[in-house]
Amino acid sequence: MNYSCSRMNKEQLFDWINMISFAAGETNLYLDTHPYDEEALKFYNECVEMRKNAISEYSSRYEPLTLDLAGGSENQWKWVMSPWPWEKEGC
């Protein structure tokens, strides 16, 4: 799977992060009972890498999704300075 996060808008990128996170989580559960399945392990590692890239892209373009990407300057905490990812206009 090769998806270009740079071509996605905010909503598409957020949806992609949710999808790839779900795939990684489900594959992780499968690997709990099938630890020697090399194909599943390869798929899991691909999902994890795509998730890292997507979260990094989202955080650099919009706002941080995870605490480790939140950062902060000397006078503000960036984590809460923009709308939460699930907040959409009109809600």
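Reading the values: the criteria
Residues numbered from 1 in each chain as written. Predicted model: local features only at pLDDT ≥ 70, side-chain atom pairs only at ≥ 80, totals over all residues. Heavy atoms only, no water. Helix = DSSP H or I, 4+ residues; strand = E, 2+ residues; numbered from the N terminus. Buried < 20%, exposed > 50% of the residue type's maximum accessible area, 1.4 Å probe, protein only. Contact = heavy atoms within 4.5 Å. Areas by Shrake-Rupley, 256 points an atom, 1.4 Å probe, with all protein chains shown as cover. pLDDT = per-residue confidence, 0-100. Expected span 1.5 Å × (residues − 1). Polar contact = N/O pair within 3.5 Å; in protein donor to acceptor, adjacent residues only side chain to side chain.

Peer 1: Sorry, what's going on with the overall build of the protein here?
Peer 2: A count of helical and extended segments in the protein gives two helices and two strands. A buried classification covers 26% of the 91 residues belonging to the protein. For the protein, long-range pairs separated by at least 24 residues make up 47% of all intrachain contacts whose partners lie at least 6 apart in sequence. Split by element, the accessible area of the protein, about 6800 Å² in all, is 52% carbon and sulfur.

Peer 1: Just checking my understanding: could you explain the confidence of the model for the protein for this structure?
Peer 2: The share of residues in the protein with pLDDT of 70 or more is 75%, and the mean pLDDT across the chain is 83. The lowest-confidence element of the protein is strand 1 (residues 72-73), averaging 57 in pLDDT; the highest-confidence one is helix 1 (residues 10-33), averaging 95.

Peer 1: I would appreciate a short explanation of helix 2 (residues 38-61) in the present structure.
Peer 2: Along an α-helix, residues three or four apart share an orientation, since each turn contains 3.6 residues. A rise of 1.5 Å per residue sets the reference length of helix 2, with its 24 residues, at 34 Å; its end C-alpha atoms lie 35 Å apart and thus fit the reference within 8%. By the burial criterion, the buried members of helix 2 are A40, C47, M50, A54, I55, Y58 and S59. Contacts from the buried residues of helix 2 go to helix 1. The opening residue of helix 2, the one whose side-chain oxygen lies 3.2 Å from the backbone nitrogen of E39, is D37.

Peer 1: Help me out: how do you make sense of the environment of Y30 in this one?
Peer 2: The topology assignment puts Y30 in helix 1. Those residues in contact with Y30, other than ones at most four positions away along the chain, are D37 and A40.

Peer 1: What exactly am I supposed to notice about the side chain of T27 here?
Peer 2: Relative to the helices and strands, T27 resides in helix 1. The class of T27 is buried, set by a relative accessible area of 10%. Residue contacts for T27: discarding those within four places in its chain leaves A40, F43 and Y44.

Peer 1: Help me understand the side chain of E63 in this model?
Peer 2: Along the chain, E63 falls in the loop between helix 2 and strand 1. Among the polar contacts listed, one links the side chain of E63 to the side chain of K10, at a separation of 3.2 Å.

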